[in-house]
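Next come the chains, spelled out residue by residue.
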Amino acid sequence: MIETMSLGRDFKVRGAVVAAVHDLTFRVEAGEFVGCLGPNGAGKSTTIKMLTGILTPTRGRASVAGLDPARQRKTLARRIGVVFGQRTTLWWDLPLRDSFELVRLLYKVDRSRFTARLAELTEVLDLGPFLRTPVRQLSLGQRMRGDITAALLHDPEVLVLDEPTIGLDVVAKAEVRSFLARLNADRGTTVLLTTHDLGDVERLCRRVLLIDHGRLAFDGSVPELRALVPGQESIEDVVAHLYLSSTPAAPRTPRRTPDADPPTVTA
Amino acid sequence: MADFVLYLRLFQYGFRRHSTYLAAALAGAFTNTVFGVLRAYVLIALWEARPGLAGYTLAEAVTFCFLTQGFIGPMQVFGRGLSFGDRIRSGDIAFDLVRPAPLLLWSLAEDLGRAAYLTIARSLPPSIAGAAMFTMVAPVSPWFVASFVLGIVVSFGWRYLVTLAACWTTDDRGMHTLSSLLTFFFSGMVLPLGLFPGWLRTVAEASPFAAMVQVPADMWLGATPTWSGLGFQLFWAVTLLGLGALLTVAARRKVVVQGG
């Protein structure tokens, strides 16, 4: 369902070329639930952006749902759902319901399918109480549920989420997690998410990709990840150990602050 | 068809988005009216001293004054007004640029909705107040409506370029300040362009800013031939929208391909 071959992406930072992603090769099968871990600046968001067609790769190639994200972005957009935890695709001044209507028109979802799907998502994600509230007045947890709904209105085969639980309280986090687990189990939607929250990984992901310095550092199950660092009790310690002990194969790339996102516009 | 519905919705959204800020619109209308009255007295003094200045009668000059006060809202004479401006700074623009609908048409539909609302909320009050207090002239030709809409489109085309230019500059305030200064001065808002001396008049009258304010006002007054007025506005509308489309491609290249 998702496949990358020696995927790489460079950025120009003050005249110097910096590789955010080096040589990334992995494969995700249909129906999998995969978590992508890595320290800040590891290249997770850059990878997600290449997989969704928002960034064009410098090297290698990617394929999502059988499409080339950079070249077939518009076709791909109708087949995948994308959620960026720190951004919103909803319309700030519009009631949530109207944002969904615009998404419907934008992605050309026919009305009957849209109505049925929205009714279903409204019930599962409990959107009812704030469907008529302007997005600017929603809490972060409500807005995130709105963003997830917007990404799923066209019933995509693949859902890609970049830090979907960032900033959410424990209750909101639990709601989002159980929804994603059900989506994957009941509908067979392939899910790929990046996170810094190891609770997401432990509760949701059957498979973990660890990205470090733009390369794939680990690919396996959560128990296998634990086995890498014997003697550590909590998964947090395991991951911290892995982050600290990682040795870059190439000269260390400068870390971006505050997060993995490359400066999108302001150069 | 689906596209038409999308743009219609965006038009409604632009209208609704601005109608939520009713107090701001009323305050704006009040200010525009008060300044209209002040400007009218200045112009009356001027025209009584020099009748027929710039080819206008006194009543035409007063009409010009209140018409142009009414253009401040719809033509967004003081700049900005486009919702994607903030999204450039936050980086969210990357997602707008990769949407299945082009950002240019998308924002145009929204901006026309904004202008439609501001026409009601900010053009009618000063016009009605002006007509009640002074002698004004009625529109000469129904083509004024087309000219009014084209003026909004030209204004949009200009503001789109200025707003999108922020993709290349870290801070967009300087650009916006310069833009509103140029628009205010060269559009005919300060004085009818016919009063400008020599080459300054030539430059101002050929500028896109004239297409936003001076030309639609002259269409109302019958001071410009219909077809040359509309043709001039159409030229600037097409040119600016064309440049906007090119700049959008460049912005996408910059954000999506170069990533920063």
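First things first, this report covers the structure right here in the doc. Residue numbers run consecutively from 1 along every chain, following the written order of its sequence. Lettering for chains starts from A, numbering for ligands starts from 1, and both go in the order in which the items are written. The model is predicted, so local features are restricted to residues of pLDDT at least 70 and side-chain atom pairs to those at 80 or more, both for listing and for counting; the totals for chains, interfaces and linings are taken over all residues. To obtain the side-chain values, all non-hydrogen atoms of the structure were included, while hydrogens and water were left out.

**Here's the deal with the overall build of chain B**
Part 1 of the reasoning: A count of helical and extended segments in chain B gives 12 helices and 0 strands.
Part 2 of the reasoning: N-terminal to C-terminal, the α/β element order of chain B is α-α-α-α-α-α-α-α-α-α-α-α.
Part 3 of the reasoning: By principal-axis analysis of the C-alpha atoms, chain B measures approximately 60 × 40 × 35 Å.
Part 4 of the reasoning: It only takes one pair of heavy atoms within 4.5 Å for two residues to be counted as in contact. A fraction of 80% describes how many contacts in chain B between residues 6 or more apart in sequence connect residues 24 or more apart. Numbering of helices and strands runs from the N terminus; a helix is a DSSP stretch of H or I covering at least four residues, while a strand is a stretch of E covering at least two.

**As for the state of the cysteines**
Residue and element names in this part refer to chain A.
Part 1 of the reasoning: The disulfide criterion used throughout: a pair of cysteine sulfur atoms within 2.5 Å. In the structure shown here, the tally under the stated rule is 0 disulfides over all chains.
Part 2 of the reasoning: A disulfide-free cysteine, Cys 36 has its sulfur positioned 9.5 Å from the sulfur of Cys 205, the nearest such atom.
Part 3 of the reasoning: Partly exposed residues are those whose accessible area sits between 20% and 50% of the maximum for their type, while under 20% is buried and over 50% is exposed, using a 1.4 Å probe and protein chains only. Since its relative accessible area comes to 4%, Cys 36 is described here as buried.

**Focus: unusual backbone geometry**
Residue and element names in this part refer to chain A.
Part 1 of the reasoning: Despite not being glycine, Lys 108 has its phi angle at roughly 50°, a positive value.
Part 2 of the reasoning: Along the chain, Lys 108 falls in the loop between helix H3 (96-106) and helix H4 (111-124).
Part 3 of the reasoning: A relative accessible area of 46% places Lys 108 in the partly exposed class.
Part 4 of the reasoning: Of note in the backbone geometry, Asp 155 takes a positive phi value of approximately 55° without being a glycine.
Part 5 of the reasoning: Relative to the helices and strands, Asp 155 is located in the loop between helix H5 (140-152) and strand E6 (158-162).

**Considering the interface of chain B and chain A**
Part 1 of the reasoning: On the chain A side, the residues contacting the 35 residues of chain B number 31 residues.
Part 2 of the reasoning: Three residues, Tyr13(B), Phe95(B) and Pro100(B), lead the burial of chain B against chain A; their summed loss comes to 22% of the area buried on that side.
Part 3 of the reasoning: For salt bridges, the criterion is a side-chain nitrogen of Lys or Arg within 4 Å of an Asp or Glu carboxyl oxygen. At the boundary of chain B and chain A, one finds 4 salt bridges.
Part 4 of the reasoning: One salt bridge in this structure joins Arg17(B) and Asp93(A), with 3.2 Å as the shortest N-O distance.
Part 5 of the reasoning: Here the side of chain B that touches chain A gets 9 residues from one element, more than from any other, and that element is helix H1 (residues 2-19) of chain B.
Part 6 of the reasoning: A class-by-class count of the residues in the side of chain B that touches chain A yields 19 nonpolar, 7 polar and 9 charged. Two parts placed together each lose some accessible area; with a 1.4 Å probe, that loss summed over both constitutes the buried area. The nonpolar class holds Ala, Val, Leu, Ile, Met, Phe, Trp, Tyr, Cys and Pro. Asp, Glu, Lys and Arg form the charged class, and all remaining residues, Gly among them, are polar.

**Observations regarding the pattern of salt bridges**
Part 1 of the reasoning: Across all of its chains, the model carries 32 salt bridges over all chains by this definition.
Part 2 of the reasoning: With its nearest N and O atoms 2.8 Å apart, the salt bridge here joins Arg27(A) to Glu29(A).
Part 3 of the reasoning: Given a relative accessible area of 42%, Arg27(A) falls into the partly exposed group.
Part 4 of the reasoning: Salt-bridge contacts for Asp172(B) lead to Arg89(B); the nearest nitrogen and oxygen are separated by 3.9 Å. In this pair, Asp172(B) is assigned in the loop between helix H7 (144-164) and helix H8 (173-186) and Arg89(B) in helix H4 (residues 84-90), connecting sequence segments 83 residues apart.
Part 5 of the reasoning: Classification of Arg89(B) by relative accessible area gives exposed; the value is 55%.

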